[in-house]
Amino acid sequence: MTRRKSPLIVVAVLVLAVLAGVGYLLNKGGGSSHPKAAATSTAAAAAGSSAPKPSPPAGRSPAPSGTWVPADPALADVCRTKLPSQAQDTLALIAKNGPYPYNRDGIVFENRESRLPKKGDGYYHEFTVVTPGSNDRGTRRVVTGGAGEQYWSPDHYGTFQEIDPRC
């Protein structure tokens, strides 16, 4: 009776080993040749960092061929040069790590409505974009991610576009 169960145990162990290997490859991005898979695993590795990242972000600058991989292809992109001049000023301050004109600049953006890709607490930070004629912070923001990605919101987080640093 013991001899009959031994082949079943061996087969079960082999199946589990194969499934574990496939799971490992998929989690490491090795199971897909899509460039987003590698970018996602890089972003996940950086999710533990709570400090805002400067722009252009390290490791996300355009490749020599000029390729750029968005953090979330489902979000619309916007060329950096197409943003209002005040947004470009904010991006320059982020690149220099301040000083910022508003005391709330750099605080954690909680992404409560989940309009940006889901990440851990403290992954996103928000920065004010000056709104001409507004006597308060206005509605325009730049939100940065822990892996260096940057998002533009002209309407106080109602909508987002990922900022394309190539243009």
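Residues numbered from 1 in each chain as written. Predicted model: local features only at pLDDT ≥ 70, side-chain atom pairs only at ≥ 80, totals over all residues. Heavy atoms only, no water.

1. Let's talk about the packing of aromatic side chains
For step 1, the next point in the chain: If you walk through the whole model with that rule in mind, you get eight aromatic pairs.
For step 2, the next point in the chain: Ring centres 4.7 Å apart and planes at 40° place the aromatic pair phenylalanine 109 and tyrosine 157 in the tilted group. Of this pair, phenylalanine 109 sits in strand 2 (residues 108-109) while tyrosine 157 sits in the loop between strand 5 (150-153) and strand 6 (161-164), and the two are 48 residues apart along the sequence.
For step 3, the next point in the chain: The class of tyrosine 157 is buried, set by a relative accessible area of 9%.
For step 4, the next point in the chain: Aromatic side chains tyrosine 157 and phenylalanine 160 sit 6.2 Å apart centroid to centroid with 25° between the ring planes, which places their arrangement in the stacked category. Of the two residues, tyrosine 157 and phenylalanine 160, neither departs from the other in class, the shared state being buried. (Phe/Tyr/Trp six-rings, centres within 6.5 Å; stacked < 30°, edge-to-face > 60°. Helix = DSSP H or I, 4+ residues; strand = E, 2+ residues; numbered from the N terminus. Buried < 20%, exposed > 50% of the residue type's maximum accessible area, 1.4 Å probe, protein only.)

2. What about the pairing of strand 3 (residues 124-128)?
For step 1, the next point in the chain: Of all five residues in strand 3, five are buried; the element is thus mostly enclosed.
For step 2, the next point in the chain: Residue alternation in strand 3 divides its side chains into two sets, Tyr124, Glu126 and Thr128 and His125 and Phe127, and both sets are buried.
For step 3, the next point in the chain: Direction of pairing for strand 2 relative to strand 3: antiparallel, over a ladder of two bridges. Within strand 3, the residue paired with valine 108 across the bridge is histidine 125. (Pairing = 2+ DSSP bridges.)

3. Focus on the nonpolar core
Across soluble globular proteins, nonpolar side chains show a tendency to be buried alongside one another.
For step 1, the next point in the chain: Ala71, Leu75, Phe109, Leu116, Tyr123, Tyr124, Val143, Ala147, Tyr151, Tyr157 and Phe160 together form the largest nonpolar core, which totals eleven residues.
For step 2, the next point in the chain: Residues in contact with valine 143, not counting those within four places in the same chain, are Phe109, Leu116, Tyr124, His125, Glu126, Glu149, Gln150, Tyr151, Tyr157 and Phe160.
For step 3, the next point in the chain: By size, the runner-up hydrophobic cluster in this structure holds ten residues, among which are Leu83, Ile94, Val142 and Ile163. (Core = buried A, V, L, I, M, F, W, Y, C linked by side-chain atoms within 4.5 Å. Contact = heavy atoms within 4.5 Å.)

4. A short note on the sheet that holds strand 6
For step 1, the next point in the chain: The six strands are arranged 1-6-5-4-3-2 in an open sheet whose pairing can be described as mixed. Looking at which strands have only one partner, the edges of the open sheet turn out to be strand 1 (76-79) and strand 2.
For step 2, the next point in the chain: Where strand 5 meets strand 6, two bridges bridge the pair, whose relative direction is antiparallel. Among the inter-strand pairings, tyrosine 151 is bridged to a residue of strand 6, identified as glutamate 162.
For step 3, the next point in the chain: Its contacts with the sheet place helix 3 (residues 85-96) against strand 3, strand 4 (141-144), strand 5 and strand 6, and it is angled at close to 35° to strand 4. (Axes fitted to C-alpha atoms, helices over the stretch in contact; angles between N-to-C directions.)

5. With respect to the state of the cysteines
For step 1, the next point in the chain: Summed over the entire model, instances satisfying the criterion amount to one disulfide.
For step 2, the next point in the chain: Residue pairing for cysteine 79: its cysteine sulfur links by disulfide to cysteine 167, the two sulfurs lying 2.0 Å apart. Of note, the bridge from cysteine 79 to cysteine 167 carries an S-S torsion of about -90° and is left-handed in sense. Pair noted here: cysteine 79 is in strand 1 and cysteine 167 is in the segment after strand 6, with a separation of 88 residues, a long-range link.
For step 3, the next point in the chain: With a relative accessible area of 25%, cysteine 79 lands in the partly exposed category.
For step 4, the next point in the chain: By relative accessible area, cysteine 167 is classed as partly exposed at 29%. (Disulfide = S-S within 2.5 Å.)

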